[in-house]
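Residue-level structural notes
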Amino acid sequence: MIRYAVLSKAELEARVDAVDAGWRTRAAGRRDAFIAAGKFNEESSIWSDVKTVFMDLQYDKCVFCERVLGGKLARKSEHDVEHFRPKGRVMNWPYPSRMPKLIYTFSTGLPNSTGYYWLAYDVENYACACKGCNSDRKRDYFPILGPRGAAVAAIAALNASEIPLLLFPHGSLGDDPQDYITFEGVIAKPLHQAGLPQQRAQVTIDFFSLNDREELLADRARVIRELFKTIRLTDDPDPQMQAAARRDIDTIISNVSPQAACARAYLSLAKSDPQKAWEIYLDVQRYLKPSN
Ligand SMILES: [Zn+2]
């Protein structure tokens, strides 16, 4: 997951207004109609009109898996606007026949037929996600511990009354994924060993299959391979090469780069346990080697 820029609601709304000055008024009209009807119901949506706000905030990366997607020149087709709290219904997750191996010792919440319809046009309920994370996995799921919050409650009130199991690194209301998820080599794992932080990290890793998608593992392996070699260049006899390597490391671990959370964890390991970092480098080299 990405570390999201921390924005207040006013700052986020200002960015939306800069993209489309009339959007919030149109969106409010739609939201009011849903609240009057007690459900989400419309033929065509307008949330994609402000998609670029979130593409920019997320450096064109998927909020959940940190893959780099196409930017504005590639238009917007690789990004979905994802509703963190589902707008039309909430389905049971994990669904036993689709995910028989996912068994938790805690409840993951009950489904309902109306979802969080009043948040369909709340910009604080949005992020951009890739189709693998949004269409294939997020869908209408929203696992929580305990009961769901009351209808038409604002997000801040819902956050106080519900315990979402998925991390949402969105603005001032969300979570910093680095407080929950770390990486051992290419593998995402909970930073904490027990309690709610461990549960939320594990559910998020399971939910988005963060350790089971070859495109993510390969992305992380390539990042580690590059980072390992760049770290070695910081010991080069040429001071200019050393400086260039340090600049490259700053870029590799910055939010603009793919799989930056994995890169940051690997850089930390390279400092604390160089032997382990070397072994992981050999592992990723084997992983990336063509098989034929
Ligand atoms: Zn994704």
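Values in this document were obtained by computation on a predicted structure and should not be read as measured data. (Residues numbered from 1 in each chain as written. Predicted model: local features only at pLDDT ≥ 70, side-chain atom pairs only at ≥ 80, totals over all residues. Heavy atoms only, no water.)

This next bit is on helix α2 (residues 23–37). Relative to the 21 Å expected for 15 residues at 1.5 Å per residue, α2 spans 21 Å between its end C-alpha atoms, a close match to the ideal helical length. All buried positions along α2 are accounted for by W23, A27 and F34. Across the axial projection of α2, the buried residues extend over an arc of 20°, all falling on one side. Facing away from the buried side of α2 by more than 90 degrees, the exposed set consists of T25 and A36. Buried-residue contacts for α2 involve α1 (9–19) and β2 (126–129). Backbone geometry just downstream of α2 places G38 in the positive-phi region, at approximately 75°. (Helix = DSSP H or I, 4+ residues; strand = E, 2+ residues; numbered from the N terminus. Expected span 1.5 Å × (residues − 1). Buried < 20%, exposed > 50% of the residue type's maximum accessible area, 1.4 Å probe, protein only. Arc of directions from axis to C-beta. Contact = heavy atoms within 4.5 Å.)

Time to look at the pattern of salt bridges. Per the stated rule, a full pass over the model turns up 18 salt bridges. Residues K189 and E184 are paired through a salt bridge, measuring 2.7 Å at the closest nitrogen-oxygen approach. Residues participating in the shared-partner salt-bridge network are K9, D122 and E124. (Salt bridge = Lys/Arg side-chain N within 4 Å of Asp/Glu carboxyl O.)

We now examine the pairing of strand β5 (residues 181–184). Here β5 shows a clear split, with I181 and F183 buried on one side and none of T182 and E184 buried on the other. As paired strands, β5 and strand β6 (residues 187–190) are joined by four bridges and run antiparallel to one another. Looking across to β6, one finds that F183 is bridged to A188. (Pairing = 2+ DSSP bridges.)

All right, on to the coordination of the zinc ion then. Note on metal sites: the ideal angle is 109.5 degrees for four tetrahedral donors, and 90 or 180 degrees for six octahedral donors. Surrounding the zinc ion are the protein donor atoms C62 (SG), C65 (SG), C130 (SG) and C133 (SG), which sit 2.2 to 2.4 Å from the metal. Around the zinc ion sit four donor atoms, and with donor-metal-donor angles ranging over 103 to 117° the site reads as tetrahedral. Written as a sequence motif, the donor residues of the zinc ion are C-x2-C-x64-C-x2-C. On the basis of relative accessible area, C130 is assigned to the buried category, the value being 1%. (Donors = N, O, S within 2.8 Å, 3.2 Å for Na, K, Ca; no water. Tetrahedral: all angles 85-135°; square planar, octahedral: opposite > 155°, others 65-115°.)

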